[in-house]
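Structural characterization, general
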Amino acid sequence: MIEILSPQVANLIAAGEVVERPAAALKELMENAVDAGATALTAEIRRGGVSLIRVTDNGEGMSPEDAARAFMRHATSKLRSAEGLQAIATLGFRGEALAAVAAVSRVELLTRRRGEAAGTSLTLEAGVVTAHGEAGCPEGTTIVVRDLFYNTPARQKFLKKDSTEAAAAQEAAVRAALARPGLSVRFIKDGAQTMHTPGDGDLKNCLYSVFGGELVRSLCPLPNSGGEVRVSGFTGLPALARSARFMQYFFVEGRPVRSRVLTAALEEAYAGSLMSGRFPVCCLHISMPLETFDINVHPAKSEIKFQYERAVFDAVYNACREALRQAGPEAAPAVRIAPYTPSGGPVPVLSASSPSVYAAGVPRPAGPLPSPPPPPPKPPEENLAWRLIGEVMSGYLLVETPEALWIIDKHAAHERVIFNRLKAGERPFLSQQLLVPRAVALSGPELDILTGERAFLEEAGFDIDVMGPGALAVRAAPGDVDESDIPALLSEIASLLLSGRRPDLRDEAMQMVACKAAVKLGRSSQREDMERLAGLVMETPDLRHCPHGRPVAMRLTRSDLGRQFGR
Ligand code: ADP
Ligand code: MG
């Protein structure tokens, strides 16, 4: 027998799609405020949004009739006919969000239309109206959502710890703020205000109030672009790069979106300035004709499909590329590698304009750095006679020995050389107290896991504290690490922790230092530098793997080649 689902059941099913966690409910409520023309909103959560989510806006408000209708399924004021679907400019138009949220919580609504004398109050339990009346309230709308999922225990089980849900909700507020610099967003978590953006229309000021000056100073503004697809905003210097795609914010016509086309274009613009496994940070606003993209692929409305992918890719790629070019040498530093001496000790390059391995690779710790011991003498693997053929595909050295052809990954080789040196000088952890606490911009999940692991970090010499929704204050850090590397190191540690690993923090710190130096050094294509590096790899057989476990060199023998050619 075919049965028609009751509206309550249909709403519960829809609720699962639309509001899978408090952050999703908050996102919907904030989008409604924006759609109502609000210029300011306050979002408040308690206990990760499970016990309370409250969004107050100064938008146009609702009439008493609309207030009741708003919670009915497929109730929307944003779509009058099917044609409207094509070029809909508001954030939501499925008319599902309020019904879905209300179905799984206790809701209170207070709203007053602009210019009207009285307001309306409405109370719902599990989607059913329990009270409806007149109320005195300011113009605009306040929606309070309590006890989310109280009537759906199965959903409740999927919720993470409060701090994780709170981080996700904060991230939603951060996105809402970055999406609309003209909207002032206030975020209050468990009674404490953690973010307040000015709403003055300036994206830079908005970024400043979310992440702090530290991050803003390392952002490159995108040049003005014309054309059908226009891109504006900021992209981060390579030094800000993360080990995961955190803090890549893309907005299309003011909506936060995810798209492989956009990430690919961004990351392609950094080709040659980042090691693989490092991801740039950005906040990009893209505008294009409304009929050339589709944003409602997914119920959460974050996946986007473009009609002209190539044009979008090119616009983003060119804008970011140009921004980095204009940022100059800091975005693409040209650094030579240090000469290699057979004793194993590097000799600093003498020219002032070309920092040595030491300058680039070794931080300025409080005490003197132990001098690197020479590599242990190991018998060479094969005949030492080798010849550098040259560099191919900007990054690989070809070396010939009598028995084989070697392909050396320049970056990986540099990284390994520097790491070995640091490792050789290993000594107990030292913590360096920073003169001025350093603000480190982090994404919600990064922040959440690091504060959750504070004790673990303290063992390694970190002293950290939460500063805001997107920032951590660092008062002390492991002694080996250069202060400017602290943000990258923390984000690296965060992503390892997020992937379920407990890194050896000492090793992480050293790898970070080695990796950063290697990126810079890997740019050199001077013949003598390449000879030196090839020599190091060919004459030190344990330089086979870089600290991340990637191979440094590959060996192709005559018989390998023969096999390939079917000889
Ligand atoms: P949608 O946003 O897709 O229309 P929702 O369920 O999110 O569906 O909202 C239903 C309707 O309720 C909206 O179309 C709008 O008319 C009204 N509404 C919701 N939130 C607000 C608000 N903060 N201010 C004014 N009207 C609102
Ligand atoms: Mg909506």
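Read on for an overview of the structure. (Residues numbered from 1 in each chain as written. Chains lettered and ligands numbered in written order. Predicted model: local features only at pLDDT ≥ 70, side-chain atom pairs only at ≥ 80, totals over all residues. Heavy atoms only, no water.)

**Focus on helix 7 (residues 203–211)**
For an α-helix, the turn length of 3.6 residues means that residues three or four places apart are oriented alike. Those residues of helix 7 that sit buried are Leu203, Cys206, Leu207, Val210 and Phe211. What you see down the axis of helix 7 is that its buried residues fit within an arc of 105°, all on one side. The N-cap of helix 7, judged by a side-chain oxygen 2.9 Å from the amide nitrogen of lysine 204 a few residues on, is aspartate 202. Positive phi appears at glycine 212, one or two residues downstream of helix 7, with a value of about 90°. (Buried < 20%, exposed > 50% of the residue type's maximum accessible area, 1.4 Å probe, protein only. Helix = DSSP H or I, 4+ residues; strand = E, 2+ residues; numbered from the N terminus. Arc of directions from axis to C-beta. Polar contact = N/O pair within 3.5 Å; in protein donor to acceptor, adjacent residues only side chain to side chain.)

**Some words on the pattern of salt bridges**
Counted by the stated rule, this structure contains 25 salt bridges. Linking arginine 54 and glutamate 44 is a salt bridge whose minimum nitrogen-to-oxygen distance equals 3.4 Å. Of the two residues, arginine 54 sits in strand 2 (residues 52–57) while glutamate 44 sits in strand 1 (residues 40–46), which places them 10 residues apart along the sequence. For arginine 54, a relative accessible area of 24% corresponds to the partly exposed category. Overlapping salt bridges, with partners in common, bring together Arg454, Asp463, Asp465 and Arg475 in one network. (Salt bridge = Lys/Arg side-chain N within 4 Å of Asp/Glu carboxyl O.)

**Description of helix 6 (residues 162–179)**
Here helix 6 spans 25 Å end to end across 18 residues, near enough to the 26 Å set by a 1.5 Å rise per residue. A large share of helix 6 lies buried, amounting to 15 of its 18 residues. (Expected span 1.5 Å × (residues − 1).)

**Describing the packing of aromatic side chains**
Considering all chains together, one arrives at 2 aromatic pairs under this definition. Summarising the aromatic geometry, the rings of phenylalanine 211 and tyrosine 249 are spaced 6.1 Å apart at their centres and angled 40° between planes, so their arrangement reads as tilted. On the criterion of sequence distance, the pair formed by phenylalanine 211 in helix 7 and tyrosine 249 in strand 11 (residues 248–252) is long-range, its members being 38 residues apart. On the basis of relative accessibility, which here comes to 2%, the residue tyrosine 249 falls in the buried class. Each ring, one from phenylalanine 313 and one from tyrosine 317, has its centre 6.2 Å from the other, and the planes form 10°; the classification is stacked. Of this pair, phenylalanine 313 and tyrosine 317 both sit in helix 10 (residues 309–327), 4 residues apart, which is roughly one turn of the helix. Taking the relative accessible area as the measure of exposure, tyrosine 317 reaches 23% and is therefore partly exposed. Residue placement shows arginine 106 over the ring face of tyrosine 150; its charged tip is 3.9 Å from the ring centre. (Phe/Tyr/Trp six-rings, centres within 6.5 Å; stacked < 30°, edge-to-face > 60°. Lys NZ or Arg CZ within 6 Å of the ring centre and 35° of its normal.)

**A short note on unusual backbone geometry**
With a phi close to 50°, aspartate 147 is a non-glycine residue in the positive phi region. Mapped onto the fold, aspartate 147 is located in the loop between strand 6 (140–146) and helix 5 (153–158). Positive phi values are uncommon outside glycine, yet phenylalanine 149 reaches one of about 70°. Looking at where phenylalanine 149 falls in the secondary structure, it is placed in the loop between strand 6 and helix 5. A relative accessible area of 0% means that phenylalanine 149 is categorised as buried.

**Looking at the nonpolar core**
Soluble globular proteins tend to pack their nonpolar side chains together in the buried interior. Grouped together as the largest cluster of nonpolar side chains are 63 residues, with contacts concentrated most on Met30, Ile53, Phe71, Leu178, Leu207 and Phe211. Among the elements that make up this core, the one with the highest residue count is helix 6 (10 residues). Per-domain counts for this core show at least three residues from each of domain 1 (7–199) and domain 2 (218–331). With near-sequence residues (within four places) excluded, phenylalanine 211 lies in contact with Val174, Leu178, Met247, Tyr249, Ala441, Leu442, Gly470 and Ala471. Ranked by size, the runner-up nonpolar core spans 32 residues in total, among them Val231, Val257, Leu262 and Ala323. (Core = buried A, V, L, I, M, F, W, Y, C linked by side-chain atoms within 4.5 Å. Domains from an automatic or database assignment. Contact = heavy atoms within 4.5 Å.)

**Things to note about the sheet that holds strand 5 (residues 128–135)**
Taken together, the 8 strands give an open sheet; going across it, the order is 5-4-3-6-2-1-7-8, and neighbouring strands pair in mixed fashion. Of all strands in the sheet, those bounded by a partner on one side alone are strand 5 and strand 8 (192–196). Neighbour-to-neighbour, the strand axes of the sheet open up by a mean angle of 10°, direction not taken into account. In terms of strand pairing, strand 3 (residues 106–112) meets strand 4 (residues 119–125) through 6 bridges, oriented antiparallel. By the bridge assignment, valine 107 is partnered in strand 4 with leucine 124. Along the sheet, helix 2 (residues 22–35) makes contact with strand 1, strand 2, strand 6 and strand 7 (184–189), crossing strand 2 at roughly 10°. Helix 6 rests against strand 1, strand 7 and strand 8 of the sheet, and its axis sits at about 170° to strand 7. (Pairing = 2+ DSSP bridges. Axes fitted to C-alpha atoms, helices over the stretch in contact; angles between N-to-C directions.)

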